[in-house]
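Spelled out, the chains give:
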Amino acid sequence: MRETALLPGQACLTVPVPRLEDWVRERTAHYDDSFVSTDPTFAHAHLTLLAPWLAEPVAADLDRVADVLAAVPAFEVALTRVTAFPDGLVHAVPEPDAPLRALTAALAAAFPACPPYGGRYDSTGGPVPHVTLDRVGAGTTVDSVRRSVGDLLPAVLRVDRVDLQWWGNHACRRLHTWWLPSGRVL
């Protein structure tokens, strides 16, 4: 994975959210088009499991992720609610969130040097799983985001894969994908 070594940014282990991809990509472009990827496999709409992750993972690191994920069968969550964190980050809430919390905890245990969000949001049960949609600000409220998202929610998300993504200005791309057991569509 040397291709990321000299680029500013960070590696993230994420779950793609295809239903919200176009909407989130548009909002990303609104704020900073340097984070709009030209990689058609990159998921702007995602649930973060572990970030920042290793900047230069080696084969053994990728294998360790595969080992963790081999024990996690594909599952479904529903994205039904839009709410905001106290800092104004507007997000969609996956329910139930326990399987995502367990997945984050298992990955963090496998990579103790990479605590979720750098350890900034260490709370009981780990970080709150969410899909970032927007931020409260001038002309943007939780209600305006709900209206804008419209009939994209509620949505059922099949969590069947985890992507290794690189997030950096003019460098966003997918680097690797692991399929959860019974998750790969043949």
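Rules and cut-offs
- Residues numbered from 1 in each chain as written.
- Predicted model: local features only at pLDDT ≥ 70, side-chain atom pairs only at ≥ 80, totals over all residues.
- Heavy atoms only, no water.
- 1 Å grid on protein atoms, 1.4 Å probe; cavity = no way out; pocket = protein on both sides within 12 Å on 5 of 7 lines; lining within 4 Å.
- Points joined across faces, edges and corners; volume = space filled by probe spheres on them.
- Nonpolar A, V, L, I, M, F, W, Y, C, P; charged D, E, K, R; others polar.
- Phe/Tyr/Trp six-rings, centres within 6.5 Å; stacked < 30°, edge-to-face > 60°.
- Helix = DSSP H or I, 4+ residues; strand = E, 2+ residues; numbered from the N terminus.
- Buried < 20%, exposed > 50% of the residue type's maximum accessible area, 1.4 Å probe, protein only.
- Core = buried A, V, L, I, M, F, W, Y, C linked by side-chain atoms within 4.5 Å.
- Contact = heavy atoms within 4.5 Å.
- Salt bridge = Lys/Arg side-chain N within 4 Å of Asp/Glu carboxyl O.
- Axes fitted to C-alpha atoms, helices over the stretch in contact; angles between N-to-C directions.
- Left-handed = near helix turned anticlockwise from the far one by under 90°.

Colleague: Go over empty space enclosed by the protein with me, naming the residues and quoting the values.
Modeller: The final tally for this structure, using the stated rule, is 1 cavity of 30 Å³ or more. When its volume is computed, the largest cavity comes out at roughly 60 Å³. Lining the largest cavity are Leu47, Thr48, Leu49, Leu100, Arg101, Thr104, Tyr117, Pro127, Val128 and Pro129. Here the lining of the largest cavity is composed, by residue class, of 7 nonpolar, 2 polar and 1 charged.

Colleague: Report on the packing of aromatic side chains, specifying residues and quantitative values.
Modeller: A full pass over the atoms with the stated rule returns 3 aromatic pairs. Here Trp53 and Phe111 contribute two aromatic rings whose centre-to-centre distance is 5.2 Å and whose plane-to-plane angle is 85°, an arrangement assigned as edge-to-face. Of the two residues, Trp53 sits in strand 2 (residues 46-53) while Phe111 sits in the loop between helix 3 (98-110) and strand 5 (131-135), which places them 58 residues apart along the sequence. Classification of Phe111 as buried rests on a relative accessible area of 4%. An aromatic cluster of at least three residues, connected via ring pairs, comprises Phe35, Phe42 and Trp167.

Colleague: For the layout of surface pockets, give the residues involved together with the corresponding values.
Modeller: For the largest pocket, the calculated volume is near 1100 Å³. Around the largest pocket, the lining is made up of 32 residues, and of these His46, Leu89, His130, Thr132 and Arg135 lie nearest the centre. Listing elements by their share of the lining of the largest pocket, those giving two or more residues are strand 1 (10-16), helix 1 (21-31), strand 2 and strand 5. When its residues are assigned to classes, the lining of the largest pocket shows 17 nonpolar, 9 polar and 6 charged.

Colleague: Outline the nonpolar core, supporting the account with residue identities and numerical values.
Modeller: Counting residues in each nonpolar core, the largest one holds 48 residues, and the members touching the most others are Leu13, Leu20, Trp53 and Leu133. If sequence neighbours within four positions are ignored, Leu13 has contacts with Leu47, Thr48, Leu49, Leu50, Trp53, Val65, Leu107, Val162, Asp163, Leu164 and Trp178.

Colleague: So what's going on with the pattern of salt bridges? Which residues, and what values?
Modeller: With the rule as written, the count across this model stands at 7 salt bridges. Between Asp87 and Arg135 there is a salt bridge whose closest N-O contact spans 3.9 Å. Highlighted residues: Asp87 in the loop between strand 3 (75-84) and strand 4 (89-95) and Arg135 in strand 5, separated in sequence by 48 residues. Overall, Asp87 belongs to the partly exposed group, its relative accessible area being 46%.

Colleague: So what's going on with the packing of helix 2 (residues 59-70) against helix 3? Residues and values would help.
Modeller: Here helix 2 crosses helix 3 at 145°, and the two axes come no closer than 10 Å. When the axes of helix 2 and helix 3 are compared, the crossing they make is right-handed. The residues of helix 3 that touch helix 2, namely those facing Arg64, Val65, Val68 and Leu69, are Leu103, Ala106, Leu107 and Ala110. Broken down by class, the residue content of the contact of helix 2 with helix 3 amounts to 7 nonpolar, no polar and 1 charged.

Coordinates in, geometry out; function isn't part of it.
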